[in-house]
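Spelled out, the chains give:
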Amino acid sequence: MHRFVFVAAAVGALSADQARADTPQESFDRTCATCHDKDGKGNTKMGKKFGIIDLSSAAVQAKFTDEAAIKQVTEGGGEKWMPAFKNKLSPEEIPPLVAYARVLAAPAASPPADAGPAAPKK
Ligand code: HEC
């Protein structure tokens, strides 16, 4: 109980500082998109430099678990170098970002451009 009150107070202090809490998407776009790009494809200068993985690919996402991803975002690492975020993000902020990264590979998150009636065949 006391612990909960303390955490709530700390969170309150944080959001007072930031005016309001960012959504995972805003946070990802600001903190992670430098390398991963907003769509997760990693088509950025930094992404190319690091030989980044494609987070918009379900096949790539199938290769790691949420736990592994949370650990990597926290501690950094991986076969290719990814920086640690434990000094920039709190342990509460990281899981929603990994969950958001998962959404980037979910087909439902990005409706197909040709969602209209099927194109007539030639
Ligand atoms: C400086 C560039 C850079 C930034 C910024 C960055 N990443 Fe990465 N990320 C990488 C690289 C490089 C890899 C591939 C590492 C590897 O070999 O697994 C990676 C891999 C990942 C993976 C796959 C994890 C796994 O277990 O294979 C996830 C998930 C991920 N990043 C999420 C994030 C999130 C969330 C953020 C923002 C908090 C972020 N990244 C910011 C460079 C970056």
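Structure: above.
Basis of the calculations
Residues numbered from 1 in each chain as written. Predicted model: local features only at pLDDT ≥ 70, side-chain atom pairs only at ≥ 80, totals over all residues. Core = buried A, V, L, I, M, F, W, Y, C linked by C-beta atoms within 7 Å. Buried ≥ 20, exposed ≤ 12 C-beta atoms within 10 Å, placed from the backbone. Helix = DSSP H or I, 4+ residues; strand = E, 2+ residues; numbered from the N terminus. Contact = placed C-beta atoms within 7 Å. Near = placed C-beta within 6 Å. Nonpolar A, V, L, I, M, F, W, Y, C, P; charged D, E, K, R; others polar. Axes fitted to C-alpha atoms, helices over the stretch in contact; angles between N-to-C directions. Parallel < 35°, antiparallel > 145°, perpendicular 65-115°, else oblique. Left-handed = near helix turned anticlockwise from the far one by under 90°.

A.B. asks: Help me get a handle on the nonpolar core, residues and values and all.
C.D. replies: Ranked by internal contacts, the top residues of the largest apolar core, which has 13 residues, are V73, L97, V98 and A101. Elements represented by at least two residues in this core include exactly α6 (66-75) and α7 (94-103). Of all the elements, α7 adds the most residues to this core, at five residues. Once residues lying within four places of it in the same chain are set aside, the contact partners of V73 are F85, I94, L97 and V98.

A.B. asks: Provide a residue-level description of the site of the ligand, including the pertinent values.
C.D. replies: Neighbouring the ligand are 24 residues; C32, C35, F64, G78 and M82 lie closest to it. Of all elements in the fold, only α3 (33-36), α4 (45-50), α6 and α7 reach the threshold of two or more residues within the shell around the ligand. Sorting elements by how many residues they give to the shell around the ligand places α6 first, with four residues. In terms of residue class, the shell around the ligand is built from 17 nonpolar, five polar and two charged.

A.B. asks: Account for the packing of α6 against α7, naming residues and giving values.
C.D. replies: Following both chains from N to C, one finds α6 and α7 inclined at 120 degrees, their axes separated by 9 Å at the closest point. As far as their axial angle goes, α7 and α6 are oblique. As α6 runs across α7, the sense of the crossing is right-handed. From α6, D66, A69, I70, V73 and T74 reach across to α7, where they touch I94, P95, L97, V98 and A101.

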